[in-house]
Amino acid sequence: MSAVLLAIDTATEQCSVALSYGDQCFQRAAVTPREHSQRVLGFVEEVLGEAGITLAEVDGIVCGYGPGSFTGVRIGVAISQGLAFSHNLPVYRVSTLAALAQQAIRCHDAKAVISAIDARMQEVYVASYVNDNGLAQPVSAAQMAPLAPLKEQSWWADISARAAVVSGAGTGWQAYGSQLDPDTQVQVLDAVTLPLAQDMLTLAKQSEPVAAEELEPLYVRNEVTWKKLPGR
């Protein structure tokens, strides 16, 4: 039987939890930007209950570790650490931008994807990916980008050469598509706006696990620092 993995993501407006158990995926997701801390553990209990197992039967935690809202990222990392510490479980780190690209691949068979999340303050979190046998593989690392044409980025030529159609996924495209792509070279996927934990389960297969105390948020903004849980 394949590993039983529990994925948690609260880095964006969406609170999402998914559990892989055998060949089944149990999931919950809701757009509750100010209620993540109240909802996420309830979602964990629900998917475990639906699968008929307990946390003691889980083999690892998958954490959407950013980038995203500072508060949301902190909640997801803290919850993932707490669950992992409680049962001495390894943690798999998955980027929210990669999860968006994986969703575009799963739902639309996208061949090349630029994921962009609205970071406020006239900026977006952005990274590019290609479809490698159904898995999102990074072409460029996650970065903060101003609201300017993305074709000015150093990686643009590389990603645009990978596929006849480049897809756009994430809230950054809905909010700032005309500024990011004034020449409309990117096919924006309006149905792929927020990451889902189920896609993080898929991407965890590419990730090397770390110990819970090594889990840190991916903020991208350099001026933000993270403090581990007290006593860890």
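For the structure itself, consult the block above.
Residues numbered from 1 in each chain as written. Predicted model: local features only at pLDDT ≥ 70, side-chain atom pairs only at ≥ 80, totals over all residues. Heavy atoms only, no water.

Colleague: I'd like a description of the nonpolar core, backed by residues and values.
Modeller: Within the largest apolar cluster, 33 residues are counted, with the highest numbers of intra-cluster contacts made by L6, L19 and V58. If you list the elements that add at least two residues to this core, you get β1 (5-9), β2 (14-21), β3 (24-31), α1 (36-51), β4 (60-64) and α2 (70-87). Residues contacting L6, with those up to four places away along its chain left out, are V17, A18, L19, V44, V47, L55, V58, G60, I61, V62, L83 and L201. (Core = buried A, V, L, I, M, F, W, Y, C linked by side-chain atoms within 4.5 Å. Buried < 20%, exposed > 50% of the residue type's maximum accessible area, 1.4 Å probe, protein only. Helix = DSSP H or I, 4+ residues; strand = E, 2+ residues; numbered from the N terminus. Contact = heavy atoms within 4.5 Å.)

Colleague: Describe in detail the environment of G170, supporting the description with residues and values.
Modeller: Tracing the backbone through its elements, the reader meets G170 in the loop between β10 (166-169) and α5 (171-180). Separated by 56 residues in sequence, G170 and I114 have C-alpha atoms that sit 8.6 Å apart.

Colleague: I'd love a proper account of the pairing of β10, names of residues and values included.
Modeller: Within a regular strand, side chains alternate between the sheet's two faces. Of the two faces of β10, both are covered, the one formed by V166 and G168 as well as the one formed by S167 and A169. Bridge count for strand β6 (residues 112-118) against β10 is three bridges, and the pairing is parallel. Paired with I114 across the bridge in β10 is G168. In this structure, β10 lies alongside strand β11 (residues 186-188), joined through three bridges in parallel fashion. (Pairing = 2+ DSSP bridges.)

Colleague: Tell me about α5, residues and numbers included.
Modeller: Within the span of α5, buried status applies to T171, G172, W173, Y176, G177 and L180. On its buried side, α5 packs onto β6, β7 (123-132), β9 (143-146), β10 and β11.

Colleague: Outline the pairing of strand β8 (residues 135-138), supporting the account with residue identities and numerical values.
Modeller: Of the pairings in the sheet, the one linking β7 to β8 comprises four bridges and is antiparallel in character. Its bridge partner being in β8, Y129 is matched across the sheet by P138. What sits between β7 and β8 in their antiparallel hairpin is a turn of two residues, with N133 showing a positive phi close to 55°.

Colleague: Tell me what's going on with the sheet that holds β4, and back it up with residues and numbers.
Modeller: Sheet architecture is open: five strands sit in the order β3-β2-β1-β4-β5, paired in mixed fashion. Each edge of the open sheet is held by one strand with a lone partner, namely β3 and β5 (91-94). The mean angle between the axes of side-by-side strands here comes to 15°, regardless of whether they run parallel or antiparallel. Against the sheet, α2 contacts β1, β4 and β5, and its axis sits at roughly 175° relative to β4. (Axes fitted to C-alpha atoms, helices over the stretch in contact; angles between N-to-C directions.)

Colleague: Run through unusual backbone geometry, naming residues and quoting values.
Modeller: With an omega of 0°, the peptide bond between G66 and P67 qualifies as cis. Note that P67 resides in the loop between β4 and α2. Phi is positive for R120, close to 65°, though the residue is something other than glycine. You can see R120 is positioned in the loop between β6 and β7. A relative accessible area of 48% means that R120 is categorised as partly exposed. A positive phi angle, near 60°, is found at Q122, a position not held by glycine. Inspection of the secondary structure puts Q122 in the loop between β6 and β7.

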